[in-house]
Amino acid sequence: MEKINRSNAGLTEKLPIKIVQFGEGNFLRAFVEYAIQKLNQNADFNAGIAVVQPIDKGLVNMINAQDGLYTLFMKGVKKGEEIQEKELITNIVKAIDPYASFQDYLALAKEEELAFIISNTTEAGIEYIASDLPTMQPPVSFPAKLTVLLHERFKHFNSAADKGLTIIPCELINYNSDTLKEIVFKYSADWKLGAEFEAWLTNSCSWHNTLVDRIVPGYPKDQIEEYNAQLDYKDDLIVSAETFFLWVIEGDDKLKAKLPFDKTDLDVKIISDMQPYRTRKVRILNGAHTAMVPFSLLYGNETVKETVDNPFTGDFINKALFEEINETLNMDKAELASFSEEILDRFRNPFIKHLLSSIALNSISKFKVRVLPSLTGYVDVHGKLPVHLTFAFAALIRFYKGTWNGQDLPVNDSEDITTFFNGLWKSDDYEKIARLTLQNKNFWDEDLTEIPGLTRAITIALEEIDSNGIEAGFAKFQERIK
């Protein structure tokens, strides 16, 4: 079969670039591009997307080889009915690697119809790097790259108010837009870009905190023949996702007018305060995901579905969710239970093979954001450690050793984090490993050894995991910490 491109797909329309998107990974292509496609189809939105690769390795060449086209497969269960859909996504106009083509990147700032910046560079992506400079081509951090682009637009259009941009980050950190804006302003100050530029950022640009929710396993490599059989073209960028979709954006009526999602059937909520939705989703869905990954991989599972279906690991996650995580949330308990059951049903989606290894990226920063607040919150409420989340924390630390039973583990994190654990695990002193990890404020922004009993509990859990494995180790861990 011939590889998909605009010519053989019969797509001659040239969409104007209205969106610059930082990130070209599976999630954005299954979430934002899908949402914009619905706006184009149902609201005459007429928006093309220019994708920017935020790091020096990525998918830009593969995307451009297919003229930005790819197939999105969506599968799930709604009210007991199995649903399977597929759609050719057509709104990526170009993909740019700023490391290879910096001038092409800068040229995006001069696009007349550009209106939106959207991003998902993972939780670790919105960071300030003091060594970033405006003369670098490009700077290292995403916020620094964004600052360069915004300043270029400000200069090119002579600070025109109507050329300001709507900035909608999708990184899974709380107050993601507020954090991004703060860092952009810090770079502006560092680089002495001027008060007029900062006034334009404030008055002509708008910044919107968000929450995104869709499980996206990504490229279905183990089932690719089944997926390819449904196509009459070759597609190297197939993305699989669940049917569930939720996008919560803080905004007002002006944003609703800019993004007329009310003309689609997508669950997009533009509201004044997204915090209740954010807390519920991050603690329950993402928290359960992140807590299960090291623990379940060390047990021997490969997928999320295997984890919740297995009698031992399923019971573990169920209790972590209902007896520990939900206990820390100041929300209606019946509503929390209902939402949690829905989450477990999504985890059991028979159509999606969601590999635990694909969720393992940046597990330390994810644990800090998604799980640690539940662990500390449980201690605050009950005056004792949550057994399952504490053991999951120990499994996370053991996971970063990088090997288990002679096999490599899918550790995927920044060099400073992997270097820390590589040095730490040269020792077999479990108390030292626990203490130094918990004391690392670069990981947690606080000294976790100050939590009563946590260092001892993690030490015991590490001993039991290495001595007896996950299932027997957990049983002995429970006995020893009573």
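The preceding data block contains the structure.
Per chain, residue numbering runs from 1 following the sequence as it is written. This being a predicted model, a pLDDT of at least 70 is required before a residue's local features are given, and a value of 80 or more before pairs of side-chain atoms are given or counted; all residues contribute to the totals for chains, interfaces and linings. Processing note: side-chain calculations cover all non-hydrogen atoms of the structure and skip hydrogens and water entirely.

> With reference to specific residues and values, describe the sheet that holds strand β10 (residues 239–242).
Think of it this way: DSSP has to see at least two bridges between two strands before they count as a pair. Numbering of helices and strands runs from the N terminus, with a helix taken as a DSSP run of H or I at least four residues long and a strand as a DSSP run of E at least two residues long. An order of β4-β3-β10 is seen for the three strands of this open sheet, with the pairing classed as mixed. Edge strands, defined here as strands with exactly one partner in the open sheet, are β4 (81–89) and β10. The mean angle between the axes of side-by-side strands here comes to 20°, regardless of whether they run parallel or antiparallel. Alignment of strand β3 (residues 70–78) against β10, held across four bridges, turns out to be parallel. Fitted lines through C-alpha atoms serve as axes, helices being fitted only where they are in contact, and the angles separating the N-to-C directions of these axes extend from 0 to 180 degrees.

> Please set out the nonpolar core residue by residue, giving values where relevant.
We call a set of buried residues a nonpolar core when its members are Ala, Val, Leu, Ile, Met, Phe, Trp, Tyr or Cys and they connect through side-chain atoms within 4.5 Å of each other. Relative accessibility under 20% of the residue-type maximum defines a buried residue, over 50% an exposed one, and the middle range a partly exposed one, all with a 1.4 Å probe and only protein chains included. In terms of nonpolar packing, the biggest core is built from 68 residues, with Phe347, Phe391, Phe393, Phe421, Trp444, Ile458 and Leu462 touching the most fellow members. Broken down by element, this core gets its largest block of residues, ten residues, from helix α19 (residues 454–480). If near-sequence neighbours (up to four positions away) are discounted, phenylalanine 421 is found in contact with Ile364, Ile397, Tyr400, Thr437 and Phe443. Counting 41 residues, the second-largest nonpolar core is a separate cluster that includes Leu28, Leu237, Phe245 and Ile249. Throughout, a contact is declared for two residues whenever any of their heavy atoms are within 4.5 Å.

> Summarise the environment of threonine 307; cite the residues concerned and give the values.
When you line up the elements, threonine 307 lands in helix α10 (residues 304–309). Look at threonine 307 and you get buried, because its relative accessible area is 0%. Linking threonine 307 and valine 148, residues 159 residues apart in sequence, is a C-alpha distance of 44 Å. Setting aside residues no more than four positions away along its own chain, threonine 307 makes contact with Met292, Ser296, Asn301, Thr313, Gly314, Ile317 and Leu356. Residues adjacent in sequence count toward polar contacts only when both atoms are side-chain atoms; beyond that, a polar contact is any pair of N or O atoms within 3.5 Å, and within protein one must be able to donate a hydrogen and the other to accept it. For threonine 307, the side chain forms a polar contact with the main-chain oxygen of threonine 303, separated by 2.8 Å.

> Any chance you could break down the packing of helix α9 (residues 275–299) against helix α11 (residues 311–325) for me, citing the residues and the numbers?
The geometry of α9 relative to α11 is characterised by a closest axis approach of 10 Å and an angle of 145° between their N-to-C directions. Considering the relative orientation of α9 and α11, their crossing is right-handed. Residues Arg283, Ile284, Ala288, Met292, Phe295 and Tyr299 of α9 touch α11, and the partners they reach there are Phe312, Thr313, Phe316, Ile317, Leu321 and Ile325. Under the convention adopted here, Pro, Cys and the residues Ala, Val, Leu, Ile, Met, Phe, Trp and Tyr are nonpolar, Asp, Glu, Lys and Arg are charged, and Gly plus all remaining residues are polar. A per-class count over the contact of α9 with α11 returns ten nonpolar, one polar and one charged. Helix crossings get a hand from a simple test, with the near helix turned counterclockwise from the far one by less than a right angle marking a left-handed crossing and a clockwise turn marking a right-handed one.

> Tell me about helix α13 (residues 363–370), residues and numbers included.
Summarising burial for α13: seven of the eight residues are buried, a large majority. Listed as buried for α13 are Ser363, Ile364, Ser365, Lys366, Phe367, Val369 and Arg370.

> An account of the pairing of strand β2 (residues 48–52) is needed here, citing residue identities and associated values.
If a strand is regular, its side chains alternate between the two faces of the sheet. In terms of residue burial, β2 counts as a mostly covered element, since five of its five residues are buried. Neither face of β2 is left uncovered, since the one carrying Gly48, Ala50 and Val52 and the one carrying Ile49 and Val51 both have all their residues buried. Pairing of strand β1 (residues 17–22) with β2 involves five bridges; the strand directions are parallel. Considered in β2, the bridge of phenylalanine 22 is made with valine 52. With helix α1 (residues 26–43) bridging β1 and its parallel neighbour β2, the resulting β-α-β unit is right-handed. By definition, the crossover connecting two strands over a helix is right-handed if that path, from the first strand to the second, turns clockwise as seen with the strands pointing away from the viewer.

> So what's going on with the sheet that holds strand β5 (residues 92–96)? Residues and values would help.
A sheet is described by the order of its strands in space; here six strands give the open sequence β5-β2-β1-β6-β7-β8, paired in parallel fashion. On the outer flanks of this sheet lie β5 and β8 (206–207), each paired with one strand and no other. Sheet topology note: the β2/β5 ladder contains four bridges and is parallel. Within β5, the position partnered with valine 52 by the bridge is isoleucine 96. Relative to the sheet, α1 contacts β1, β2, β5 and β6 (116–119), its axis offset from that of β1 by approximately 165°. Helix α5 (residues 176–190) rests against β7 (166–169) and β8 of the sheet, and its axis sits at about 120° to β7.

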